[in-house]
Amino acid sequence: MLSASILAPADVDLLMRLAHRRTVAAGDAVLDRSAPAHALVLLLSGDVVLGSRAADGSLRTERSVTGPAWLDVSAAWLGQPHAMEAQALSDVVVADLPLDAVRNQMSIHPTLAQQFCETLAQQVQQMTMASRNLLHNDAPARLAQWLLQRLPQRSGQAELRLQERKRDIAQQLAMSPETLSRLMRSFELRGVLSVRGYQVQVRDVDELRALAGTVA
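Residues numbered from 1 in each chain as written. Predicted model: local features only at pLDDT ≥ 70, side-chain atom pairs only at ≥ 80, totals over all residues. Heavy atoms only, no water.

- The name an unreviewed UniProt entry gives the protein chain is CRP-like cAMP-binding protein, with Sphaerotilus montanus as the organism.

Next up, the structure:
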């Protein structure tokens with residue numbers, strides 16, 4: 001989301017005044033891809049999964065998002081439909097920010113323009129890292145990197161609740177559900193983490209970083 005450390009409280013209030021809020025029930029579509037987007041879409045609360053539809057109509061997930069976070073901050077600028085489908089995993093609250101209104105305010109509030117540039121740059125960096133993870137890392141490293149990106153802290157111990165089904169996580173990591181289950185068990189045997197249902201306790205974040213091929 002827009003960083004409060006950079007964006008003034010008055011600018012945050014301004015964006016919320018521009019926003020059209022809506023509530024989406026769990027299981028329903030969040031983004032409409034039938035026409036070009038005219039608004040920037042911000043997830044205020046709840047959990048959403050993004051991906052593309054398979055031939056049988058099922059959603060092939062690519063990533064999950066927990067609010068507050070952007071769902072799509074680029075399509076409206078390009079005058080194109082949203083690049084991905086989005087489905088609510090829980091009841092969510094979404095804010096649609098009309099592009100024309102945001103553009104008008106950016107000339108008055110320069111911090112808005114700066115922050116949107118930084119947000120777009122951050123998203124490009126994240127997509128580049130995710131692509132590199134899929135192309136160049138083996139299955140254990142891909143899983144370790146995926147977990148690290150979702151942890152609240154970078155050392156010691158940490159807890160993580162998985163928002164997606166394990167089948168959907170496997171799709172994101174370009175592996176079968178069976179491979180994902182085997183990797184989870186191998187990580188448990190190494191003492192790196194423990195799994196109970198959708199709750200993951202990482203016992204050694206540094207060891208997880210080593211599995212991911214990153215340095216502290």
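Now, onward.
**So, the layout of surface pockets**
- What the largest pocket holds in volume is close to 1500 Å³.
- Every residue lining the largest pocket is counted, 47 residues in all, and those nearest its centre are Arg63, Ser64, Val65, Gln126 and Arg150.
- When we break the lining of the largest pocket down by domain, the ones giving at least three residues each are domain 1 (9-131) and domain 2 (137-212). (1 Å grid on protein atoms, 1.4 Å probe; cavity = no way out; pocket = protein on both sides within 12 Å on 5 of 7 lines; lining within 4 Å. Points joined across faces, edges and corners; volume = space filled by probe spheres on them. Domains from an automatic or database assignment.)

**Observations concerning the domain arrangement of the protein chain**
- The domain architecture assigned to the protein chain consists of domain 1 (9-131) and domain 2 (137-212).
- The interface formed by domain 1 and domain 2 holds 0 salt bridges in total.
- For the pair domain 1 and domain 2, the interface holds 0 residue pairs in polar contact (both at pLDDT 80 or more).
- Mapped by element, the contributors of at least two residues to the side of domain 1 that touches domain 2 are strand S3 (47-53) and strand S4 (59-66).
- Of the residues forming the side of domain 1 that touches domain 2, the biggest block, 7 residues, is contributed by S4. (Salt bridge = Lys/Arg side-chain N within 4 Å of Asp/Glu carboxyl O. Polar contact = N/O pair within 3.5 Å; in protein donor to acceptor, adjacent residues only side chain to side chain. Helix = DSSP H or I, 4+ residues; strand = E, 2+ residues; numbered from the N terminus.)

**Section: the sheet that holds S3**
- The antiparallel open sheet is built from 3 strands, whose spatial order is S4-S3-S6. Both edges of this open sheet fall to S4 and strand S6 (85-88), since each of them pairs with a single strand only. Across the sheet, the mean angle separating the axes of adjacent strands is 30° when strand polarity is ignored.
- By the bridge criterion, 4 bridges tie S3 to S6 in an arrangement that is antiparallel. Looking across to S6, one finds that Gly51 is bridged to Glu85. (Pairing = 2+ DSSP bridges. Axes fitted to C-alpha atoms, helices over the stretch in contact; angles between N-to-C directions.)

**Details of the nonpolar core**
- Among the nonpolar cores identified, the biggest contains 27 residues, and Leu143, Leu147, Leu151, Leu180, Phe187 and Leu208 are the most heavily contacted of them.
- Looking at this core, the elements with two or more residues in it are helix H5 (139-148), strand S8 (158-161), helix H6 (166-172), helix H7 (177-189), strand S9 (193-196), strand S10 (199-202) and helix H8 (205-212).
- In terms of residue count, the dominant contributor to this core is H5 (6 residues).
- Residue contacts for Phe187: discarding those within four places in its chain leaves Pro140, Leu143, Ala144, Leu147, Val192, Leu193, Leu208 and Leu211.
- Counting residues in each nonpolar core, the second largest holds 19 residues, with Leu42, Leu97, Leu99 and Phe116 among its members. (Core = buried A, V, L, I, M, F, W, Y, C linked by side-chain atoms within 4.5 Å. Buried < 20%, exposed > 50% of the residue type's maximum accessible area, 1.4 Å probe, protein only. Contact = heavy atoms within 4.5 Å.)

**Points about the packing of aromatic side chains**
- Enumeration over the complete set of coordinates arrives at 1 aromatic pair.
- Both rings, one in Trp70 and one in Phe116, keep their centres 5.8 Å apart while their planes meet at 50°; by these two values the pair is tilted. Within this pair, whereas Trp70 is found in strand S5 (residues 69-72), its partner Phe116 is found in helix H4 (residues 110-136), the two being separated by 46 residues in sequence.
- For Trp70, a relative accessible area of 5% gives the class buried.
- Given the relative accessible area of 4%, Phe116 is considered buried. (Phe/Tyr/Trp six-rings, centres within 6.5 Å; stacked < 30°, edge-to-face > 60°.)

**Digging into the packing of H5 against H7**
- For the pair H5 and H7, interaxial distance at closest approach is 10 Å and the crossing angle is 75°. When the axis of H5 is compared with that of H7, the two are roughly perpendicular. Seen from H5, the contacting residues are Ala139, Pro140, Leu143, Ala144 and Leu147; seen from H7, they are Leu180, Leu183, Met184 and Phe187.
- Grouping the amino acids of the contact of H5 with H7 by side-chain chemistry returns 9 nonpolar, no polar and no charged. (Parallel < 35°, antiparallel > 145°, perpendicular 65-115°, else oblique. Nonpolar A, V, L, I, M, F, W, Y, C, P; charged D, E, K, R; others polar.)

**So, the environment of Arg103**
- Along the chain, Arg103 turns up in helix H3 (residues 99-106).
- The partly exposed category is assigned to Arg103, whose relative accessible area is 38%.
- Between the C-alpha atoms of Arg103 and Ala113, which are 10 residues apart in sequence, the distance is 8.6 Å.
- Polar contacts involving the side chain of Arg103 include one to the side chain of Asp100, which spans 3.2 Å.

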